[in-house]
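# Chain and residue survey
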Number of protein chains: 2
Amino acid sequence: MKGVEEILQQHSLKNTKVRKAVLSVLMRSDKGLSHQDLSRALDVDFDRVTLFRTLHAFEESGILHKIMDPNGIAKYAYTARPAADRHCHAHFICLDCGQVFCLDEEFPLGDMKVPKGFSKTTIDVQIKGYCNKCTAQD
Amino acid sequence: MKGVEEILQQHSLKNTKVRKAVLSVLMRSDKGLSHQDLSRALDVDFDRVTLFRTLHAFEESGILHKIMDPNGIAKYAYTARPAADRHCHAHFICLDCGQVFCLDEEFPLGDMKVPKGFSKTTIDVQIKGYCNKCTAQD
DNA sequence: ATTTAAATGCAACTCTGTTGCGTTGTTTTG
DNA sequence: CAAAACAACGCAACAGAGTTGCATTTAAAT
């Protein structure tokens, strides 16, 4: 597993406190984390806007991928695989609490047809339902 | 193709102006429409909140399904198939303009594994990329 | 026609995410 | 190692999606 500082350098992103802290938290998480999740998880209090911009920077660099939860809240997850290796992300999204879980399983869905003039970038599979905690509470 | 009023009745929803108008627009659309899209498409000006509540009611009844676009805006699309017939929705989502296109193609993805204690409801496939208009503008 | 429960409209609010701008800090280059 | 160059940060103010409470209206049942 690569180090945080190494990853930042590879993507020509400056090595700052926020970035190291955010990336470190996300690399250890098996769930997608929201802006709010992250600001709670971080010890130091960074500016709201800085955190938003950090997440954007990571997403554009391909370090993170974004998943929208059913409540319209963006969840970010660390992208272990390089962008070139086009595999198929799969996430479990809880319809109650909105948590996004990264699933291990992968899919050979490379040959999906899209309308004329459209270009594909990624294919995401979203399994929706209720997580263990939310199922138990019903 | 079933009539709007018949559908509302089948789901024990009262037959009101908003509902007939909204459902009618959505049944004719091959794209997912947002709250804003709909309030523009409707001739009569309904209250913002009423429109939100209408969409919720339709979603809970299974008449519509909701897809979140990358900007965190909910898009609603008419569910032609009954809920019992568990097929796999596929949507094309434009990373630039955020439009959600319903694709015809379907998938035999019934046997996906989820963690212990989790329950599946639906499986959505999202193909992300750039639509014909946004590809042309680059 | 009358009743009843659901749907509507209005006001006020919450929260995620954005934009502009001056300041700070990292990195590079002499 | 100092200084310039530019990216990243913090603050303030804003924009827009979606929500909640409550009074009023309307669809449907008796």
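Here goes a summary of the coordinates provided. Model, not experiment: these values are computed from the prediction.

Moving on to the overall build of chain A. Along chain A, the regular secondary structure elements total five helices and six strands. Reading chain A from its N end, one meets helices and strands in the order α-α-β-α-α-β-β-β-β-β-α. Sequence separation of 24 or more characterises 52% of the internal contacts of chain A that already satisfy a separation of 6 or more.

Here the focus is the relation of the copies chain A and chain B. The two copies are related by a screw motion: chain A maps onto chain B through a turn of 180 degrees and a shift of 0.0 Å along the axis, at an RMSD of 0.0 Å. The relationship between the two copies is best expressed as a two-fold rotation axis. When the interface residues of chain A are mapped onto chain B, 100% of them are again interface residues, pointing to one common binding face.

For A:Thr54, the location among the structural elements is in helix H4 (residues 48–61). If we ignore the near neighbours within four places in the chain, the residues touching A:Thr54 are A:Val18, A:Arg19 and A:Val22.

With that out of the way, let us pick up the interface of chain A and chain B. On the side of chain B, 34 residues touch chain A, which itself brings 34 residues to the contact. Roughly 2,800 Å² of surface becomes buried between chain A and chain B when both sides are summed, with 60% attributable to carbon and sulfur atoms. If you sort the residues of chain A by the area they bury against chain B, A:Met112, A:Phe118 and A:Lys128 come out on top, with a joint share of 19%. Summed over the shared surface of chain A and chain B, the number is two salt bridges. One salt bridge in this structure joins B:Asp124 and A:Lys128, with 3.1 Å as the shortest N-O distance. Scanning the region where chain A abuts chain B turns up 13 residue pairs in polar contact (both at pLDDT 80 or more). Here the side of chain A that touches chain B gets twelve residues from one element, more than from any other, and that element is strand S6 (residues 119–130) of chain A. Of the residues belonging to the side of chain A that touches chain B, the class tally is 17 nonpolar, nine polar and eight charged. Of the pairings in the sheet, the one linking S6(A) to strand S6 (residues 119–130) of chain B comprises eleven bridges and is antiparallel in character. Bridging from a neighbouring strand, A:Gly129 pairs with B:Lys120 of S6(B).

This brings us to the protein's contact with DNA strand D. Around DNA strand D there are 18 residues in total, and A:Thr16, A:Arg53, B:Gln36, B:Arg48 and B:His56 lie nearest to it. Among the atoms of DNA strand D close to the protein, meaning within 4 Å, 60% are from sugar or phosphate groups. Here A:Thr50 contributes a side-chain N or O atom positioned 3.0 Å from a phosphate oxygen of DNA strand D. The separation between a base nitrogen of DNA strand D and a polar side-chain atom of B:Arg48 is 2.6 Å. Those elements that provide at least two residues to the surface near DNA strand D are helix H2 (17–28) and H4 of chain A together with helix H4 (48–61) of chain B. If one sorts the elements of the surface near DNA strand D by residue count, H4(B) sits on top with five residues. A per-class count over the surface near DNA strand D returns five nonpolar, six polar and seven charged.

Counting through the fold element by element, B:Ser24 comes out in helix H2 (residues 17–28). Residue classification places B:Ser24 among the buried residues on the basis of a relative accessible area of 17%.

Parameters at a glance
- Residues numbered from 1 in each chain as written.
- Chains lettered and ligands numbered in written order.
- Predicted model: local features only at pLDDT ≥ 70, side-chain atom pairs only at ≥ 80, totals over all residues.
- Heavy atoms only, no water.
- Helix = DSSP H or I, 4+ residues; strand = E, 2+ residues; numbered from the N terminus.
- Contact = heavy atoms within 4.5 Å.
- Least-squares fit on C-alpha atoms with pLDDT ≥ 70 in both.
- Buried area = accessible area lost by both parts, 1.4 Å probe.
- Salt bridge = Lys/Arg side-chain N within 4 Å of Asp/Glu carboxyl O.
- Polar contact = N/O pair within 3.5 Å; in protein donor to acceptor, adjacent residues only side chain to side chain.
- Nonpolar A, V, L, I, M, F, W, Y, C, P; charged D, E, K, R; others polar.
- Pairing = 2+ DSSP bridges.
- Near = heavy atom within 4 Å.
- Buried < 20%, exposed > 50% of the residue type's maximum accessible area, 1.4 Å probe, protein only.

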